[in-house]
Amino acid sequence: MKRNLLTPAISIAVVCLLLMSLAGCHNDASFKKRCDDAERMVYFAYLDKDYNRILELTDSVEKLGLFSEGKADYWMGYAYDRMMQKRMAELYWKRGLTAVENSTGDDNISVYAGIAHRLAGLKYLWGEYEEALKIAQPAIDRLEKLGCDTTSEYTNLLIYAGCCQSRHGLSEQATNNIFNRAYDLHLDFIKRHPYATSYRDAIVGVISISYNYIEIHDYEKALIWLDRMSELIRGYEPVKDARPDYAEKQWARYYIYRAITLEGLHRSEEAAECYHTFLKTGMSRTPEGKNLGGTYLGVAGRWQEAADNFKNLKELIKEYKVDYTLEMIQKVMLKKYEANRNAGRLDSAKAISVDIIEHLDSAINVSRHADAVEQEAVHQKELEMAAEREKILHTRQAWRIMALIILILIMLIYIVLRHRSQARLAKALERAKESDRMKTAFVQHISHEIRTPLNIITGFAQVVSNPDYDLSVEDRNRIMADISHNTTEITNFVNELLELSESESQSMYQLNDEVDVTAVCQEAIDASEATNQGRLALSVNSELPDGYRLKSNAAAIRKILDRLMSNALKFTDKGRVTIYIKTVDSQLEIAVEDTGKGIPRDQQERVFERFYKVDSFVQGIGLGLTVARRSAQLLGGTLTIDPNYTAGARFVISLPVTI
């Protein structure tokens, strides 16, 4: 139920951040405030220990650009780590470390330190001490070089590095120096920030060092650090925001660790006193406390008491809802078995072994299933990350290609962009994500259609301007005509680009004209005669009654007709071009019919695609029919090809008749 309530709240919060992003995208102060708001939202989820919400919020604010990749990966890894999906946490932290390892910005350095200490800690807990050291030591060196060696993350990295070195049996003096420096940093931080959180960080660090020495049986050093632990707990208790339950738990931990350590030093009476004090704490009655108590009793050889200590463990496991995992069986159940066996309680030991066997198979299956699920999730995430990287590489490559386009293309793009509003720009950015085929076609068409006329103009201009050439008036006029023609081609190309851009940015033309459709069609015929020069028979065949008017947009209809007429003249060598006009039901049909080459049936729809040409050797960029169809749509109508007409091509404009 809680989950269902949180999801709408998250959505609302993210939408609010999105609206704020759109409203103030050019204001640095506003952007910083939005980043801070996003940070607070994730932090509140962290305080609530709502790790699913951390995942959802982090993913959303990263997409809004309010979190850097490194910061997002830190929080994603943290959430997965707390949800016990360790491999997924490792994946995100490794990616995050790569994203920020060379950054010198304060925010990214902080993220780098946080990820490095989390990842090193994860490797340390897995027992991968060499890997943990490979992460911790370079991070320590880098933070020292940057002067960021007073933070809690840096201190924790020192502790992990020291623990790993002691596990590998490296220089004892170097390890001592590392631990002492970490302790001094904790004390200095407490002096500057005397709050409960400062003490808790220091206590956790000293616990790690103490337990590390206990595990490697260096009890002399463990005792030294346990004394320091007790000093920190005493300092913590009177702090204003200290939690009594936390202090009690740490005292319990201190006494049982001290009992184990003293027993390891053969100071059994002192160890027994510490254990007796531990038994008075609430922690001693928890599964964790029973396990630690059993450890001490085993070290002390007090097997009867150890067996009694584990006697009610099964009930405690149920009370605290602890699952029978492989780790629990290994660290707790086997200790219980060992205690009963060494105590001579063979029947109990046998019953415990049966209990272990009963739960072992399910624990193994659960562990395998969890590992398989997590591995699959990690694999899927790796694929997503790889796809994302591939997409980024393709995008960068596309921009590199665009950067190489000739200067005239840059000018044209500038002209197009200048005539668009902010809303059109957003749509254009979306269209920039079209397929590689469309991008390639765009580059090829522009390069070809601009370069060809420009080369002709440049060549003839050099001829005309060269005094060594003695040109006749006829040759000079012919050259000037060719220059004029190719200049017109470039102008038409620019106009087609602008018209395409304008048509795609609109949702509907203004339909305020009372259009004399027959007259407009005749105007299109008359205008085409200049190009036709009597070569083809051009005519209008109208079935409309005299005085018929259509509520529409005269200029738009004329542009559509001009493009269809231009197309017909281009592909018709002999015969005629006729415009037929009639009404069909509630539609007005204008058909431009020619006796030219025609269009193969399988390409009749493709000719309306941008830059598509049936014959690639015919001059033109393949935008005319695209613009014409779009214009027809903006009039509320359609533009199609009649597939049943085979004597050439027949384009049909259908426009709504409004009363």
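Our subject is the structure listed above.
Below or above, wherever it landed, is the structure these notes cover. (Residues numbered from 1 in each chain as written. Predicted model: local features only at pLDDT ≥ 70, side-chain atom pairs only at ≥ 80, totals over all residues. Heavy atoms only, no water.)

## Overview of the overall build of the chain
Put simply, the rule is: For the purposes of this entry, the term helix denotes a DSSP run of H or I that reaches at least four residues, the term strand denotes a run of E that reaches at least two, and both are numbered from the N terminus. Relative accessibility thresholds used throughout: buried, under 20% of the residue-type maximum; exposed, over 50%; partly exposed, between the two (1.4 Å probe, protein chains only). Here, two residues are considered to be in contact whenever any of their heavy atoms come within 4.5 Å of each other. Areas reported as accessible are Shrake-Rupley estimates using a 1.4 Å probe. Residue values count occlusion only from the protein chains shown.
Summing up its helical and strand segments, the chain has 25 helices and 7 strands in all. Sorting the 659 residues of the chain into buried and exposed places 43% on the buried side. A fraction of 65% describes how many contacts in the chain between residues 6 or more apart in sequence connect residues 24 or more apart. Total accessible area on the chain is roughly 36,000 Å²; 53% of this is exposed by carbon and sulfur atoms.

## Here's the deal with the packing of helix 5 (residues 86-100) against helix 6 (residues 106-125)
Angle between the axes and distance between the axes are the two parameters that describe a pair of packed helices. For clarity, the cut-off: Note on geometry: axes are lines fitted to C-alpha atoms, helical ones only across the stretch in contact, with angles between N-to-C directions running from 0 to 180 degrees. Left-handed describes a crossing in which the near helix is turned anticlockwise from the far one by less than a right angle; the clockwise case is right-handed. Each residue gets one label: Ala, Val, Leu, Ile, Met, Phe, Trp, Tyr, Cys and Pro are nonpolar, Asp, Glu, Lys and Arg are charged, and the others, such as Gly, are polar.
As a packed pair, helix 5 and helix 6 sit with axes 9 Å apart at the nearest point and diverge in direction by 145 degrees. Like other packed secondary-structure pairs, helix 5 and helix 6 cross with a definite hand, here left-handed. Across the interface between the two elements, Lys-86, Glu-90, Trp-93, Lys-94, Gly-96, Leu-97 and Val-100 from helix 5 touch Asn-108, Val-111, Tyr-112, Ile-115, Ala-116, Arg-118, Leu-119, Leu-122 and Lys-123 from helix 6. Residue composition of the contact of helix 5 with helix 6, grouped by class: 9 nonpolar, 2 polar and 5 charged.

## Side note on the nonpolar core
How we decide: We call a set of buried residues a nonpolar core when its members are Ala, Val, Leu, Ile, Met, Phe, Trp, Tyr or Cys and they connect through side-chain atoms within 4.5 Å of each other.
Core analysis: the biggest nonpolar cluster contains 97 residues, and Ile-54, Trp-93, Leu-157, Leu-232, Tyr-236, Ile-256 and Tyr-296 have the highest contact counts within it. For Tyr-296, the contacting residues outside a window of four places in its chain are Ile-256, Ala-259, Ile-260, Glu-263, Ala-271, Ala-272, Tyr-275 and Arg-302. Ranked by size, the runner-up nonpolar core spans 41 residues in total, among them Ala-524, Ile-525, Ile-581 and Ala-632.

## Points about helix 7 (residues 129-145)
Using the following cut-off: One fewer than the residue count of a helix, multiplied by 1.5 Å, yields its expected span.
For helix 7, spanning 17 residues, the distance from its first C-alpha to its last is 24 Å, which sits close to the expected 24 Å at 1.5 Å a residue. Turning to helix 7, its buried residues number three or more, namely Ala-132, Leu-133, Ile-135, Ala-136, Ala-139, Ile-140, Arg-142 and Leu-143. Against the buried residues of helix 7 lie helix 5, helix 6 and helix 8 (152-167). Note on helix 7: the residue one or two positions beyond its end, Gly-147, has a positive phi of about 75 degrees.

## Comments concerning a nonpolar patch on the surface
Rule in force here: Patches here: salt-bridge-free residues with over 30% relative accessible area, like charges joined within 9 Å, nonpolar side chains (Val, Leu, Ile, Met, Phe, Trp, Tyr) joined within 5 Å. For salt bridges, the criterion is a side-chain nitrogen of Lys or Arg within 4 Å of an Asp or Glu carboxyl oxygen.
Nonpolar side chains collect at one region of the surface, where Tyr-43, Phe-44 and Leu-47 lie side by side and expose about 310 Å² of accessible area between them. Structurally, Leu-47 can be placed in helix 2 (residues 28-47).

## Some points on the sheet that holds strand 2 (residues 537-542)
Quick reminder of the rule: Following DSSP output, two strands are said to pair if at least two bridges run between them.
Strand order in the open sheet formed by 5 strands is 2-4-5-7-6, and the pairing between neighbours is mixed. Each of the sheet's edge strands pairs with one partner strand only, and the pair in question is strand 2 and strand 6 (638-641). The average undirected angle you get between the axes of adjacent strands in this sheet is 15 degrees. Bridge analysis of strand 4 (residues 576-584) against strand 5 (residues 587-594) gives 8 bridges, and the strand direction is antiparallel. Each bridged residue has a counterpart across the sheet, and for Val-584 the counterpart in strand 5 is Gln-587. Where helix 25 (residues 624-634) meets the sheet, it contacts strand 6 and strand 7 (650-656), and its direction lies at approximately 135 degrees from that of strand 6.

## A word on the pairing of strand 6
On any regular strand, side chains alternate: one points to one face of the sheet, the next to the other face. Of the two faces of strand 6, the one lined by Leu-639 and Ile-641 is fully buried and the one lined by Thr-638 and Thr-640 carries no buried residue. Where strand 6 and strand 7 come together, 4 bridges link them in antiparallel fashion. Looking at the pairing, Ile-641 lines up with Phe-651 of strand 7.

## A few points about the pattern of salt bridges
Applying the stated criterion across every chain yields a total of 35 salt bridges. With its nearest N and O atoms 3.9 Å apart, the salt bridge here joins Lys-134 to Glu-131. Of this pair, Lys-134 and Glu-131 both sit in helix 7, 3 residues apart, which is roughly one turn of that helix. Classification of Glu-131 as partly exposed rests on a relative accessible area of 36%. Ionic pairing is found between Arg-258 and Asp-227, a salt bridge with its closest N-O pair at 2.9 Å.

## A few points about unusual backbone geometry
In this structure, Gln-533 is a non-glycine residue whose phi angle is positive, near 55 degrees. By secondary structure assignment, the location of Gln-533 is in the loop between helix 23 (517-532) and strand 2. The class for Gln-533 is exposed, based on a relative accessible area of 68%. The backbone of Asp-585 sits at a positive phi, close to 55 degrees, despite the residue not being glycine. Along the chain, Asp-585 turns up in the loop between strand 4 and strand 5.

## Focus on the packing of helix 9 (residues 172-192) against helix 11 (residues 219-236)
Inclusion rule: Orientation categories follow fixed angle ranges, with anything under 35 degrees roughly parallel, anything over 145 roughly antiparallel, 65 to 115 roughly perpendicular, and all other angles oblique.
Look at helix 9 against helix 11: their axes get within 13 Å of each other, and the N-to-C directions meet at 0 degrees. With respect to their mutual orientation, helix 9 and helix 11 come out roughly parallel. Facing helix 9, whose interface residues are Glu-172, Asn-176, Phe-179, Asn-180, Tyr-183, Leu-187 and Ile-190, helix 11 presents Lys-221, Trp-225, Arg-228, Glu-231 and Leu-232. Residue classes in the contact of helix 9 with helix 11 are distributed as 6 nonpolar, 2 polar and 4 charged.

## Description of helix 23
Here is the rule we go by: What the arc measures is the spread of directions leading from the helix axis to the C-beta atoms.
Compared with the 22 Å implied by 1.5 Å per residue over 16 residues, the 22 Å span of helix 23 between its first and last C-alpha is a close match. Those residues of helix 23 that sit buried are Val-517, Val-520, Cys-521, Ala-524, Ile-525, Ser-528 and Asn-532. The arc enclosing the buried residues of helix 23, seen along the axis, measures out at 145 degrees, which places them on a common side. Just downstream of helix 23, Gln-533 is the residue with a positive phi angle, here 55 degrees.

## Overview of the packing of aromatic side chains
What counts, and what does not: Ring pairs shown here join Phe, Tyr and Trp side chains whose ring centres sit within 6.5 Å, with only the six-membered ring taken for Trp; geometry is labelled stacked below 30 degrees between planes, edge-to-face above 60, and tilted in between. Geometrically, a lysine NZ or arginine CZ counts as sitting over a ring once it is within 6 Å of the ring centre and also within 35 degrees of the ring normal.
A complete count under the given rule lists 20 aromatic pairs for this structure. A ring pair is formed by Trp-75 and Tyr-78, whose centres lie 5.8 Å apart and whose planes are at 85 degrees; its orientation type is edge-to-face. Of the two residues, Trp-75 and Tyr-78 both sit in helix 4 (residues 69-82), 3 residues apart, roughly one turn of that helix. Overall, Tyr-78 belongs to the buried group, its relative accessible area being 6%. A centroid spacing of 5.1 Å and a plane angle of 65 degrees characterise the contact between Tyr-254 and Tyr-255, whose relative ring orientation is edge-to-face. Among the aromatic residues, those joined into a cluster by ring pairs are Tyr-43, Tyr-46, Tyr-51, Tyr-74, Trp-75 and Tyr-78. Just above the ring of Tyr-246 sits the side chain of Arg-200; from NZ or CZ to the centre is 5.8 Å. A cation over a ring is seen here: Arg-228 above Trp-225, with NZ or CZ 4.3 Å from the ring centre.

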